[in-house]
Amino acid sequence: DWARLAKENDRSDADGIFLSCTNTRQIEAIADIEKMLGKPVVNSNQAVLWGCVQRLKPTLGPLAPMPQLGRLMG
């Protein structure tokens, strides 16, 4: 459903897609949506995860890329 919604709401002048909703599992669809649309996709859970990873880098060091969660996490 998330891929369909992203495709229906994509515009040629959009540089990327933002999917907002924290009570879903849409993060699992991000990489597939990016492939389908050819542009970056970010959702609210992914953005929070990215922020957490950035804050933890000084403590844990760099974490392995997570490309299955989209370009942002690659």
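Calculation criteria
Residues numbered from 1 in each chain as written. Predicted model: local features only at pLDDT ≥ 70, side-chain atom pairs only at ≥ 80, totals over all residues. Heavy atoms only, no water. Helix = DSSP H or I, 4+ residues; strand = E, 2+ residues; numbered from the N terminus. Buried < 20%, exposed > 50% of the residue type's maximum accessible area, 1.4 Å probe, protein only. Contact = heavy atoms within 4.5 Å. Salt bridge = Lys/Arg side-chain N within 4 Å of Asp/Glu carboxyl O. Polar contact = N/O pair within 3.5 Å; in protein donor to acceptor, adjacent residues only side chain to side chain.

Visitor: Give me the overall build of the protein: which residues, what numbers.
Guide: Each helix and strand counted, the protein has three helices and two strands in total. Each helix and strand of the protein, placed in order from N terminus to C terminus, yields the pattern α-β-α-β-α. When its C-alpha atoms are laid out on the principal axes, the protein stretches across 40 × 25 × 20 Å. Burial analysis of the protein (74 residues in total) assigns 28% to the buried set. Here the contacts in the protein between residues at least 6 apart in sequence split such that 52% fall between residues at least 24 apart.

Visitor: Run through the environment of Glu8, naming residues and quoting values.
Guide: Inspection of the secondary structure puts Glu8 in helix H1 (residues 2-9). Sequence spacing of Glu8 and Arg55 is 47 residues, and the spatial spacing of their C-alpha atoms is 35 Å.

Visitor: Give a description of the pattern of salt bridges that names residues and reports values.
Guide: All chains considered together, the criterion is met by five salt bridges. Between Arg4 and Glu8 there is a salt bridge whose closest N-O contact spans 3.2 Å. Here Arg4 pairs with Glu8, and both are found in helix H1, just four residues apart, close to one helical turn. Residue Arg4 is classed as partly exposed on the basis of its relative accessible area, which comes to 43%. A network of salt bridges, in which partner residues are shared, links Asp1, Arg4 and Glu8.

Visitor: Describe in detail the environment of Asp13, supporting the description with residues and values.
Guide: Residue position: Asp13 is located in the loop between H1 and strand E1 (17-19). Judged by relative accessible area, Asp13 falls into the exposed class, the value being 52%. At a separation of 2.7 Å, a polar atom in the side chain of Asp13 contacts the side chain of Arg11.

Visitor: Report on the side chain of Lys39, specifying residues and quantitative values.
Guide: Its location among the elements puts Lys39 in the loop between helix H2 (30-37) and strand E2 (41-43). Within the structure, Lys39 has its side chain in polar contact with the backbone oxygen of Arg11 (distance 3.0 Å). Ignoring anything within four residues of it in the chain, the contact list for Lys39 reads Asp10, Arg11, Ala14, Asp15, Gly16, Ile17, Glu34 and Arg71.

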